[in-house]
Amino acid sequence: MCNIEVKMITQTPVYTGDAFSESYNLKPQSLIGSLRFWLEVICYSAGELDINCKNEVKQSTFFSKVNEILERQEISLPEAKKEALKELAISIPSQLFGCNGWEGFVRIKEIDFCNKQIELPCVIYKEKEKQDGWEEEYPVIKNGIKKCPGNLDKEKEHAWYFPDPCLFGEAKIKLELTDKKVGQDIIFPLLNFIQKYGFVGGKNNLGFGRVKFDLENTNLSEFNQFRFYNKTVKIDDIIKEKEEFDHLINDDLVNERKIGFYRPGFYESKNKEKPEKIYLDMIKILLSEKSSLRYLCKRKAKRHFVFGSTERDKYGEIEGPNATKIIPWINHVEDNKYEYGFISLILLEKFPRG
C-alpha cells in the first residue's frame, strides 16, 4: 500500500450537497465521485471507454480469474488483480474506484477541511435583455429562518441561486493507493487535469468547484499524461481550444471526442479584495455570455442538453433532466491575477449509457 497526503485549495466555492442539500463538509464519497466522473470523461475521450466496458463483476468470477493468471504467470498478486480486471473488461474508472464485486485501487482514508467564512448572495439576477445591470440579494432572517427576500420578477429577469452553505478553504486529503504506479500513471495526472480544467462537486453551472492540488515534494504539473496499460494519453491531446465562444457547441467536439476550452479574458483584483467579490465579478461576466449563447440555440431539445434543463424531454437517445455541458471556468494564475472562460462537455452526447 502507498499512502499520500494531498492538499486541496479552493479557487471558487465548492458544493457537495448531501441528502438534505446541505454542504457543511467535504465527504470522501463526494470527492471520489468527482475523480471518477473526470476519469470517465478522459477515458471516453481517449477511446478507453465504450459500451463493452463493464462496471460490475462477481467476486467468484474475479478471484477465479486472478488464480488462473497466477498459475500461468509469475507476477505479484496486485499485478494479477489488475490483469484479471483488464481481461474481464472492467472499465478503468471502475478498476480504480471500485464497483459491485470489486473494492478498487484507490481509497480516501480521511479529509480534514479548514473552511473559511465567505458571504455569497442567495441570488444574483439581471434583466433578460441586458448583459449587465446585475442585482444581488442576501439572505434575511425571518422567524429564526434564513430566507431569500425574493424581490425579483421572474418574467423579466434571469436569476441564478447560490446554495447555503458552501465550502471555501483548504483540505488535507489522505489517500491510500495499492501502489505508487497507480498514482504516477493515473491519479497524479488526474489531479493535474482537474486543477487545470476540471471541477470538484456540484453547482458547476455557477463555476463552483475549481480547485488546486498540492503534493509534498511532488510537482503535479509534471504529470501531464496518463498511462492506460500500454497506451499513453497526454492531457492536452483531449482538449481542443476554441477561438470563439459559440464554437463550444459545434459538433466537431462530439465527433472528435474532445473537451472544448475557451479562455477569452483576464481579471486583476485589487489589493485585499475579498475572494467572494473576485468570484462574483467574474461569474457575472461568464453567466451573461452563456445566457446570450443559450438564447441563440433555437433547437429546444439541443438547448436543454447543452445548457441544462430540469425538463424530461429527449435529445436523441438522451432523456432529461440534463446538467449544463457549457461550464464557467475560473483559474487563479498568481497573486491577484485570474483568467476565466468556459469548458465544453458536449462530447458526452455519445457517451456510452446503460
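Please refer to the structure placed before this passage.
Here the structure is a predicted model, which is why all the values come from computation and not from measurement. (Residues numbered from 1 in each chain as written. Predicted model: local features only at pLDDT ≥ 70, side-chain atom pairs only at ≥ 80, totals over all residues. Heavy atoms only, no water.)

### A few points about the state of the cysteines
1) Next: According to the stated counting rule, one finds one disulfide in the structure shown.
2) Next: Each disulfide pairs two cysteine sulfurs, and for Cys122 the partner residue is Cys148, the sulfurs being separated by 2.1 Å. Since a negative S-S torsion denotes a left-handed disulfide, the Cys122-Cys148 link at about 75° is right-handed. In this pair, Cys122 sits in the loop between strand 2 (106-115) and strand 3 (123-127) while Cys148 sits in the loop between strand 6 (145-147) and strand 7 (157-161), placing the two residues 26 residues apart along the sequence.
3) Next: With a relative accessible area of 11%, Cys122 lands in the buried category.
4) Next: Given the relative accessible area of 31%, Cys148 is considered partly exposed.
5) Next: Between Cys43, a free cysteine, and Cys53, which holds the nearest cysteine sulfur, the sulfur-to-sulfur gap is 8.3 Å.
6) Next: Between Cys166, a cysteine without a disulfide, and Cys122, which holds the nearest cysteine sulfur, the sulfur-to-sulfur distance is 12 Å. (Disulfide = S-S within 2.5 Å. Helix = DSSP H or I, 4+ residues; strand = E, 2+ residues; numbered from the N terminus. Buried < 20%, exposed > 50% of the residue type's maximum accessible area, 1.4 Å probe, protein only.)

### Regarding the pattern of salt bridges
It is possible for side chains bearing opposite charge to pair when their charged atoms get close.
1) Next: This structure, assessed with the given rule, holds 25 salt bridges.
2) Next: Residues Lys65 and Glu87 are paired through a salt bridge, measuring 3.4 Å at the closest nitrogen-oxygen approach. Within this pair, whereas Lys65 is found in helix 2 (residues 59-72), its partner Glu87 is found in helix 3 (residues 77-87), the two being separated by 22 residues in sequence.
3) Next: The salt bridge involving Glu256 is made with Lys240; its shortest N-O contact spans 3.1 Å. Taken as a pair, Glu256 in the loop between helix 6 (252-255) and strand 13 (259-268) and Lys240 in strand 12 (residues 239-241) lie far apart in primary sequence, 16 residues in all. (Salt bridge = Lys/Arg side-chain N within 4 Å of Asp/Glu carboxyl O.)

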